[in-house]
Every structure is written in C-alpha cells, then in structure tokens.
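# Structural description and commentary
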Amino acid sequence: MRATITLNNKPVTVDFSKPIDISIPVVSGAANPVAWYLNPPKIEPVVEGKWVAAVAQGAVLNFNNIYYNPHAHGTHTECVGHITEKVHSINQNLKTFMFTAEVITLVPEPNNGDFVFTKKLAQRALQGKNPEAVVIRTLPNTATKKSRKWSHTNWPYLLEETAVFFRESGIKHLLIDMPSVDREEDGGVLAAHNAFWNTDGKIRMDATITEMIFVPHTVPDGSYLLNLQIASFENDASPSKPVLYAFE
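Reading the values: the criteria
Residues numbered from 1 in each chain as written. Predicted model: local features only at pLDDT ≥ 70, side-chain atom pairs only at ≥ 80, totals over all residues. Heavy atoms only, no water. Helix = DSSP H or I, 4+ residues; strand = E, 2+ residues; numbered from the N terminus. Rg over C-alpha atoms; globule rule 2.2 N^0.38 Å. Buried < 20%, exposed > 50% of the residue type's maximum accessible area, 1.4 Å probe, protein only. Contact = heavy atoms within 4.5 Å. Lys, Arg positive; Asp, Glu negative; His and termini not counted. Charge placed at Lys NZ, Arg CZ, Asp CG, Glu CD. Polar contact = N/O pair within 3.5 Å; in protein donor to acceptor, adjacent residues only side chain to side chain. Axes fitted to C-alpha atoms, helices over the stretch in contact; angles between N-to-C directions. Nonpolar A, V, L, I, M, F, W, Y, C, P; charged D, E, K, R; others polar. Patch = residues over 30% accessible without salt bridge, like charges linked within 9 Å, V, L, I, M, F, W, Y side chains within 5 Å. Areas by Shrake-Rupley, 256 points an atom, 1.4 Å probe, with all protein chains shown as cover. Salt bridge = Lys/Arg side-chain N within 4 Å of Asp/Glu carboxyl O. Arc of directions from axis to C-beta. Core = buried A, V, L, I, M, F, W, Y, C linked by side-chain atoms within 4.5 Å. Pairing = 2+ DSSP bridges. Right-handed = clockwise from strand over helix to strand, strands pointing away.

## Observations regarding the overall build of the protein chain
Each helix and strand in the protein chain was counted, giving four helices and 17 strands. Relative to its length of 248 residues, the protein chain is compact, with a C-alpha radius of gyration of 19 Å against a globular reference of 18 Å. Here the C-alpha coordinates of the protein chain stretch approximately 65 × 50 × 35 Å along the principal axes. For the protein chain, the residues scored as buried account for 45% of the 248 residues in total. For the protein chain, restricting intrachain contacts to residue pairs at least 6 apart in sequence, the fraction spanning at least 24 positions comes to 72%. Between the averaged position of the 22 positive side-chain charges in the protein chain and that of its 25 negative side-chain charges there is a distance of 6 Å.

What follows is the structure, given as structure tokens:
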C-alpha cells in the first residue's frame, strides 16, 4: 500500500507495506530486557485447581496472565504523569499517532565518569531540522539491547541542556534506546524528563518520551514518518509499538 501525503505543503510518498518496527517485543523470562532492579516479566497460563489454560496441557484454549512493568520490561511510551504528583494518563494525552521523525545516531561523550549526550551532539545530528519526533540510536548498537540486563549499568543519558534543546526545537516526541533519558541513579532529579516536559513552566501535556527502542543498523539516519501506537492503559506509561516508514 503506497500513499501520497502532504508535509509542509509538499507531497511525499510512503509505502505502508514496508514498516520498520523499532519496538522490542516482550517475552517471558530471562530473554527479555530488564531495568530498574525488577525480575523478568512472566507470561503464563491461568491455573484453576488442576485445570491449566494451555492447549498443550489439555485445555481447549490458551489463556495467559502477563506480569509486566512498562518502565522496566521493554519499549514503552510515557507522558508527564510519570513524574508529577497527579498521575496523568498517557491514554488521555497522546491523541494523534502519526508524526514526522528524524532518526539520528549519537555517540555518548565521557563526562565525570559517565557517558552523556550533549546539546552540541544533538545539534550536529539534527542539522537544523525541526521534526515532530526524534529517534535516537546510540552507539555501540548491538542486538544485545533487546535482551540486556540494564540494572546497575549506569547507561548513557541526556544532559539537561540536550532535553531543553529538543524542547525548544519543537520536538514533541523523544525516542531513545536506553531505559531512561536520565541517569540511572541521580537522586531523583530527573533533569532531562523535567526539562523536556517543561515542568517548571507550561507543562507539555501532549509531549511523550519513549524508551527502550531498538533501531537496527540497516535503518539509515534521516527523515521518516513515525506511527507511535500505545495500548489503551489509563496509566502514566504504556507498552508501545513505534513504527517508522521511509519517504520515497
């Protein structure tokens, strides 16, 4: 399916039969990525007495429970309710799902024993473009991100200045392949989250942060159409499925 749409008063063509899924699927057990010191997710059949809801065990259907935390167990999209006293719902604040997006690749720089993404790195990568969404692929970029145990790893993170730059550039949707845009242990400051959502000013209720994506090396840096889909949870965050489409 190919469609011609208008962006910035110019027609562009997108082939919707060629999606680029940058989400990480949730699997039961140790093969799943995990952050924030939690155990892996579990997907297991309902058990009622001797009855097990699995066809392989004699039932007529498969009927599973899923034990899962969106922030810790895979690709998820969150709204400002993640860090505010009032728990705003991602389902109530993300109301449109198609956005212009720029995929950029960043190499973190050393900073006081950490590795960080600076404003200068982001500026250089965006090259003056002002998309609605930015998709950050970090280097090194190996498939182990899809099963990594992130707890106690002190992953690379965005400096506050970088989040401010994205906000002031008009970017509403920030996607990254780390478990958080902030430092793993920062004493609760959450500088990048607060800066991106502008919690000290007019809060950007319709802005989102998506974490724990995976962008393969086969996807070049550049401009795309992003379809950002969530599950309909009334929660600060939801498991999500960001999908890119290349412009022809």
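## Looking at the side chain of Asn-93
Within the element layout of this structure, Asn-93 appears in helix α1 (residues 90–93). Side-chain polar atoms of Asn-93 contact the backbone oxygen of Ser-89, separated by 2.8 Å. Every residue in contact with Asn-93, bar those within four places of it in the chain, is listed here: Cys-79, His-88, Met-205 and Asp-206.

## A look at the packing of helix α2 (residues 119–126) against helix α3 (residues 160–168)
For the pair α2 and α3, the least separation of the axes is 8 Å and the interaxial angle reads 35°. Contact residues: Lys-119, Ala-122, Gln-123 and Leu-126 in α2; Glu-161, Thr-162, Phe-165 and Phe-166 in α3. Classifying every residue of the contact of α2 with α3 by side-chain character gives four nonpolar, two polar and two charged.

## Focus on a nonpolar patch on the surface
A cluster of nonpolar side chains, Trp-51, Val-60, Leu-61 and Phe-63, forms an exposed patch at the surface whose accessible area comes to about 440 Å². Turning to its location among the elements, Val-60 is positioned in the loop between β6 (51–52) and β7 (64–67). What makes Val-60 exposed here is its relative accessible area of 81%.

## Examining α3
Regarding α3, the residues found buried are Thr-162, Ala-163, Phe-165 and Phe-166. The buried residues of α3 occupy an angular sector of 155° when projected down its axis, which confines them to one face. Looking one or two places after α3, you find Gly-170, whose phi comes out positive at around 85°.

## Focus on the nonpolar core
In this structure, Val-134, Ile-136, Leu-158, Phe-166, Leu-174 and Phe-196 are the most contacted members of the largest nonpolar core, which totals 28 residues. Only β9 (98–106), α2, β12 (133–138), α3, β14 (173–176) and α4 (191–197) provide two or more residues apiece to this core. Per-element tally for this core: the top contributor is α4, with four residues. Those residues in contact with Leu-158 that lie beyond four places of it in its chain are Phe-117, Ile-136, Ala-163, Phe-166, Leu-174, Ile-176, Val-181 and Ala-192. Judged by nonpolar contacts, the second largest core, of 18 residues, contains Leu-94, Ile-213, Leu-228 and Leu-244.

## Examining the pairing of strand β15 (residues 208–211)
Burial of the side chains of β15 extends over both faces: Thr-208 and Thr-210 are buried on one face and Ile-209 and Glu-211 on the other. The pairing of strand β8 (residues 76–78) with β15 spans three bridges and is antiparallel. What sits directly across from His-76, in β15, is Glu-211. With three bridges connecting them, β14 and β15 associate as parallel partners. Of the residues in β15, the one forming a bridge with Leu-174 is Ile-209. For the handedness criterion, the β-α-β arrangement of β14, α4 and β15 is classed as right-handed.

## What about the environment of Pro-33?
Locating Pro-33 in the fold gives a position in the loop between β3 (20–21) and β4 (42–45). Assessed through its relative accessible area of 1%, Pro-33 is described here as buried. For the pair Pro-33 and Asp-21, spaced twelve residues apart in sequence, the C-alpha separation works out to 17 Å. Beyond its immediate stretch of four places on either side in the chain, Pro-33 contacts Ile-24, Ala-72, His-73, Lys-145, Lys-146, Ser-147, Arg-148, Trp-150 and Met-212.

## Quick look at the sheet that holds strand β13 (residues 157–158)
Reading across the sheet, the three strands line up as β10-β11-β13 and stay open at both edges, with mixed pairing between neighbours. The two strands at the open ends of the sheet, each matched to only one other strand, are β10 (109–111) and β13. Pairing of strand β11 (residues 114–117) with β13, which is carried by two bridges, proceeds in the parallel orientation. Among the inter-strand pairings, Phe-117 is bridged to a residue of β13, identified as Leu-158.

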